[in-house]
There are 2 protein chains.
Amino acid sequence: MIIINNDKNIPIYIQIYEQIKNEIITEQIPGDSKLPSIRGLSETLNVSRNTVENAYQQLSSEGYIKSKPGSGYFSLKLDSIQLLKPTNENLLDNKEHNKLFQDTSDTESLKFNFTNRCYSVSEFPLRTWKKLTNQCMQSIDFLSFTKYDAQFGVHDLQIELMKYLKKSRGVSCTPEQIIISSGMEYSLSLLCQLFREISPKIAIEDPGYSVAKSIFDNNGYSVLPIRLEKNGINVEELYKSSGKVVYVTPSHQFPTGSLMPLQKRLHLLEWATRKQGIIIEDDYDSEFRYNSRPIPSLQSIDSIGSVVYLGTFSKSLSPSIRIGYMVLPQSLLKKYYEHFDSYHVTASLMQQKILAQFMQLGYWDRHIRRIHINAIKKHNLLIQTIQEYMGDKVIIHGQDSGLHILLEFKNGLKEDEIIEKGKKCGVLVSPVSTYWMRKKEYKNNMIMLSYGGIAEDKIVEGIRTLSNAIFND
Amino acid sequence: MIIINNDKNIPIYIQIYEQIKNEIITEQIPGDSKLPSIRGLSETLNVSRNTVENAYQQLSSEGYIKSKPGSGYFSLKLDSIQLLKPTNENLLDNKEHNKLFQDTSDTESLKFNFTNRCYSVSEFPLRTWKKLTNQCMQSIDFLSFTKYDAQFGVHDLQIELMKYLKKSRGVSCTPEQIIISSGMEYSLSLLCQLFREISPKIAIEDPGYSVAKSIFDNNGYSVLPIRLEKNGINVEELYKSSGKVVYVTPSHQFPTGSLMPLQKRLHLLEWATRKQGIIIEDDYDSEFRYNSRPIPSLQSIDSIGSVVYLGTFSKSLSPSIRIGYMVLPQSLLKKYYEHFDSYHVTASLMQQKILAQFMQLGYWDRHIRRIHINAIKKHNLLIQTIQEYMGDKVIIHGQDSGLHILLEFKNGLKEDEIIEKGKKCGVLVSPVSTYWMRKKEYKNNMIMLSYGGIAEDKIVEGIRTLSNAIFND
């Protein structure tokens, strides 16, 4: 029984072809059966003969049916068909399916969202971006769309980034050392491909950035947790480990927010020298620093070419333009180009051009100043409100920089209890436990509060609500 | 001696800070030396005292200098400094540097470019794309730029792709099975991450697509070459190999252009069933098919969920918008979501939205028809011209589809001689040897001619010139 539906996107002959094909595959039409004549089927379905003929021709050219002169079309017997039965194992059931695809829906009904999946709605420079997009589209030519070009990034963007990184982070490099990518995840996965022959292991801070850990895991590396001290990774433990590549967040440790001081930076570089190691420096939110000038990057004091510097526009501009970058030391550049000779830059060429213009015309500097001022305001308000409502019942960690703090509770409450109590009254906060590899090291008494995505006027109310839920219930 | 330059991008205090820092690191200023007074230095450099003070403060907060009350600023002695000497090993020398970054320049002076790095300049629908970009920017809101959204792809684009793939390639899937990425390279590197625990080996066609091979290599897989027969991969050899994952190009084998017929497709699916194997079906240029209707994809006859279907917009629309996709079987979806729970889609959100609109409004279908007609014209002209000028001195391979053919020479000339002769008279063609893993299987008598990137009116002249160079020299 062939059913023709009204979906105009699928030509009728394809629909007919599909259904007959499926019936042959599933043996509803057994091998060597005579099919209805073209004329007969066209009358039954009320379609033109031509349509049926097209369907039969397609089936015939693919070997499902064949025409016997004088007696019409017959299905073919296909040896292998019986093997191709569907198995139901591993299929998502409906519940899981819904969970996967609708999981975020209930977070939107929450009144106060302190999680880190959301960015402030008022800070993207939409008008300027529209203007530049428009200009870029006016000036762009055919050629830009029709070539594999700018293999490792648009040159103008590399130049702007070089200037910006020099000025703001002390990073010294040529434009060619800057590899543009479609975000931190891809940068890291390229590095995983690059370092495979150096070592099958990567050392990371514990606690540390769990996304980086998943990427290393997924890329087949053994991940070595190295204890975090107050001032950054424990370099002695790193020496004792067998890691030759280490991933660190020295300018704003994730998640604790601590800052690695110069002496320790030098120790870490010394480790790299002695062990011929490589340091991946993830400087993911260097734009946000409040109580002191930003400390220059590790890259800026690395004179032996052991540091790969990573950055992203996801935090400071927009996670949806999908642009990140890494700065390779000269010593790795040759190897990189050999390895990825056949690869192409993964960031959209147009977005790269718009961003380059954005930086070149001074909008980026202005934008950074603006988000910095906004972030300080929110940061100060958050700290002040917490002190007012929670006082000495909590300890605030990592308040000098970034867009989040950790809140440690002294009243014996556990992480999941705090999250649960918050959720009940509409305040969403993030767990911290996920960032510890050695779970027993974690005292299970903290939560993370991200304030990048919450409006300033909701901070006081949000913290008061959370405080009431936790302490006055 | 501190030199202040006129680069307005770098604040003067940073320049001062940088130079003093470098002198301390390189011990030009030894430890515990007294620095010039703020007043003295500001007069010497003719800058404000404030500027020097800022520089000193920065140096001080980073631990390079310290102030002794009443006696001024002193440099600190840093233990680890002496280790941080640059090494010159592995650095690119100037020549290599130029080679890496300017290698393509001479190809542009060539009159006839038959390589596959270039696409036809007249076929990108620039005007429509500009209009849609403009519309998209008008209707887009802040929120789109300020959230990590659409984790595995913009839903509208997934829906449009589902409809298109169903219609054109018989691919059956839900929108959620379609994972959008920033191109085939990233799709494959995600699959490498996903399949790591299934097998450390990947079987590929030999000859086959060398870019895929490099990606598998870079991701640490052992690549198993499986002999290619006239009608596709040798399934018996695949059985004998220890591979559980196989990468194939069944609808247009790369580079030979052959088509895998239905019976062999069923044998391959049978292999997957018996071995619980996975088939990666790369359908990279399915839009270009000339002498018959496109054969449906492997995915469309796979009822056991063993096929991952890969596609890209790089060939059919533009390599610079950086959008590709893969269709996962339901059976892998759960595993995929678990694995990549913390990842985000790498294609620009805006480009995805524009493309979705492009498809939704019917421009895509029109575009496909147009490039198809153009490609046929060029294809026919190329074949006809080759027959006219080279006649039976050559064999043409893979002329039914795609945007390239292979040309086999019967006169005993070797690949590199042909390429060299072409280059001398301004005709650039690509080698084929790179696609064979088992080099001795290759007879070294072919070249690849890609006609996607050459204008129609240059084809005759290009082929005549090449023919003269090869046969009449």
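Up top is the structure.
Owing to the predicted nature of the structure, the values given are computational and were not obtained by experimental measurement.

Considerations on the overall build of chain A
The helix and strand inventory of chain A stands at 17 helices and 15 strands. Taken over 473 residues, chain A has a buried fraction of 59%. Sequence separation of at least 24 residues holds for 73% of the intrachain contacts in chain A that already meet a minimum separation of 6. In the structure as shown, chain A presents an accessible area of about 19400 Å², 49% of it carried by carbon and sulfur atoms.

Describing unusual backbone geometry
Trans is the common state for peptide bonds, and a negative phi is the common state for residues other than glycine. All names here are of chain A. Going from Asp206 to Pro207, the amide bond is cis rather than trans, its omega being 5 degrees. The residue after Phe254, namely Pro255, is reached through a cis peptide bond having omega 10 degrees. Assignment of secondary structure puts Pro255 in the loop between strand S8 (245-248) and helix H12 (262-275). One non-glycine residue, Asn46, lies in the positive phi region at around 60 degrees. What makes Asn46 exposed here is its relative accessible area of 70%.

Some points on the environment of Asn231 of chain A
Residue and element names in this part refer to chain A. Assignment of secondary structure puts Asn231 in the loop between strand S6 (222-229) and strand S7 (232-233). On the basis of relative accessibility, which here comes to 30%, the residue Asn231 falls in the partly exposed class. When the C-alpha positions of Asn231 and Gln263 are compared, they lie 10.0 Å apart, and in sequence the two are 32 residues distant. In terms of polar contacts, Asn231 uses its side chain to reach the side chain of Lys264, at 2.9 Å.

Considering helix H17 (residues 456-471) of chain A
Look at H17 of chain A: 23 Å from first C-alpha to last across 16 residues, which is about the 22 Å you get at 1.5 Å a residue. For H17 of chain A, the set of buried residues is Ile459, Gly462, Ile463, Thr465, Leu466, Ser467, Ala469, Ile470 and Phe471 of chain A.

Thoughts on the pairing of strand S6 (residues 222-229) of chain B
Regular strands have side chains that alternate between both faces of the sheet. Residues and elements named next belong to chain B. Here strand S5 (residues 201-206) runs beside S6; their pairing, made up of six bridges, is parallel. By the bridge assignment for S6, Lys201 is matched with Ser222. The parallel pair S5 and S6 is bridged by helix H10 (residues 210-218), and the resulting crossover is right-handed. Counted along the chain from S6 to the antiparallel partner strand S7 (residues 232-233), the turn is two residues long.

Points about the packing of helix H6 (residues 126-139) of chain A against helix H14 (residues 349-360) of chain A
Residues and elements named next belong to chain A. Between H6 and H14, the least distance of the axes is 9 Å, while the angle of their chain directions is 120 degrees. Crossing angle aside, the handedness with which H6 passes H14 is right-handed. Note on element contacts: H14 touches H6 through Met350, Gln351, Lys353, Ile354, Leu355, Gln357 and Phe358, opposite Thr128, Trp129, Leu132, Thr133, Cys136 and Met137. Grouping the amino acids of the contact of H6 with H14 by side-chain chemistry returns eight nonpolar, four polar and one charged.

Quick look at the pattern of salt bridges
For the structure on display, the rule yields 28 salt bridges over all chains. With a closest N to O distance of 3.6 Å, Glu160 of chain B and Lys163 of chain B form a salt bridge. Taken together, the residues Glu160 of chain B and Lys163 of chain B, both in helix H8 (residues 155-169) and three residues apart, mark about one turn of the helix. Residue classification places Glu160 of chain B among the buried positions, given a relative accessible area of 8%. The network of salt bridges with shared partners includes Asp206, Arg227, Glu237, Arg438 and Glu441 of chain A.

A short note on the state of the cysteines
If you walk through the whole model with that rule in mind, you get zero disulfides over all chains. Its sulfur unpaired, Cys136 of chain A is 14 Å from the next cysteine sulfur, which belongs to Cys136 of chain B. What makes Cys136 of chain A buried here is its relative accessible area of 9%.

Quick notes on the environment of Phe409 of chain B
Residue and element names in this part refer to chain B. With respect to the helices and strands, the residue Phe409 is situated in strand S13 (residues 404-409). Taking relative accessible area as the criterion, Phe409 reaches 2% and is therefore assigned buried. A C-alpha to C-alpha distance of 17 Å links Phe409 and Lys423, two positions 14 residues apart in sequence. Look past the residues within four positions of Phe409 in its chain and what remains in contact with it is Met390, Lys393, Val394, Ile418, Asn445, Ile447, Ile470 and Phe471.

A look at the packing of aromatic side chains
Residues and elements named next belong to chain B. For the structure shown, the criterion picks out 39 aromatic pairs over all chains. For the ring pair Tyr209 and Phe254, a centre distance of 5.0 Å and an interplane angle of 70 degrees mean the geometry is edge-to-face. Of the two residues, Tyr209 sits in the loop between S5 and H10 while Phe254 sits in the loop between strand S8 (245-248) and helix H12 (262-275), which places them 45 residues apart along the sequence. Per residue, the accessibility class of Tyr209 equals that of Phe254, and both read buried.

A few points about the sheet that holds strand S15 (residues 446-450) of chain B
Residue and element names in this part refer to chain B. In space, the three strands of this open sheet follow the order S12-S13-S15, with antiparallel pairing throughout. What marks the edges here is a single partner per strand, and that holds for strand S12 (394-397) and S15. Here the strands of the sheet are splayed against their neighbours by 25 degrees on average, with no regard to which way each runs. Where S13 and S15 come together, five bridges link them in antiparallel fashion.

Some points on the sheet that holds strand S11 (residues 324-327) of chain B
Residue and element names in this part refer to chain B. What the eight strands build is an open sheet, ordered S4-S11-S10-S9-S8-S5-S6-S7; its pairing is mixed. Because the sheet does not close on itself, it has two edges, and the strands there are strand S4 (178-181) and S7. Two strands pair when backbone bridges link them, and S4 and S11 are joined in this way by four bridges, in the antiparallel orientation. Bridge assignment links Ile179 to a residue of S11, and that residue is Met326. Taken strand by strand, H12 contacts S6, S7, S8, strand S9 (278-282) and strand S10 (307-312), and its axis lies near 140 degrees from that of S9.

Rules of the game
- Residues numbered from 1 in each chain as written.
- Chains lettered and ligands numbered in written order.
- Predicted model: local features only at pLDDT ≥ 70, side-chain atom pairs only at ≥ 80, totals over all residues.
- Heavy atoms only, no water.
- Helix = DSSP H or I, 4+ residues; strand = E, 2+ residues; numbered from the N terminus.
- Buried < 20%, exposed > 50% of the residue type's maximum accessible area, 1.4 Å probe, protein only.
- Contact = heavy atoms within 4.5 Å.
- Areas by Shrake-Rupley, 256 points an atom, 1.4 Å probe, with all protein chains shown as cover.
- Polar contact = N/O pair within 3.5 Å; in protein donor to acceptor, adjacent residues only side chain to side chain.
- Expected span 1.5 Å × (residues − 1).
- Pairing = 2+ DSSP bridges.
- Right-handed = clockwise from strand over helix to strand, strands pointing away.
- Axes fitted to C-alpha atoms, helices over the stretch in contact; angles between N-to-C directions.
- Left-handed = near helix turned anticlockwise from the far one by under 90°.
- Nonpolar A, V, L, I, M, F, W, Y, C, P; charged D, E, K, R; others polar.
- Salt bridge = Lys/Arg side-chain N within 4 Å of Asp/Glu carboxyl O.
- Disulfide = S-S within 2.5 Å.
- Phe/Tyr/Trp six-rings, centres within 6.5 Å; stacked < 30°, edge-to-face > 60°.

Geometric descriptors of this kind do not, in isolation, establish any biological role.
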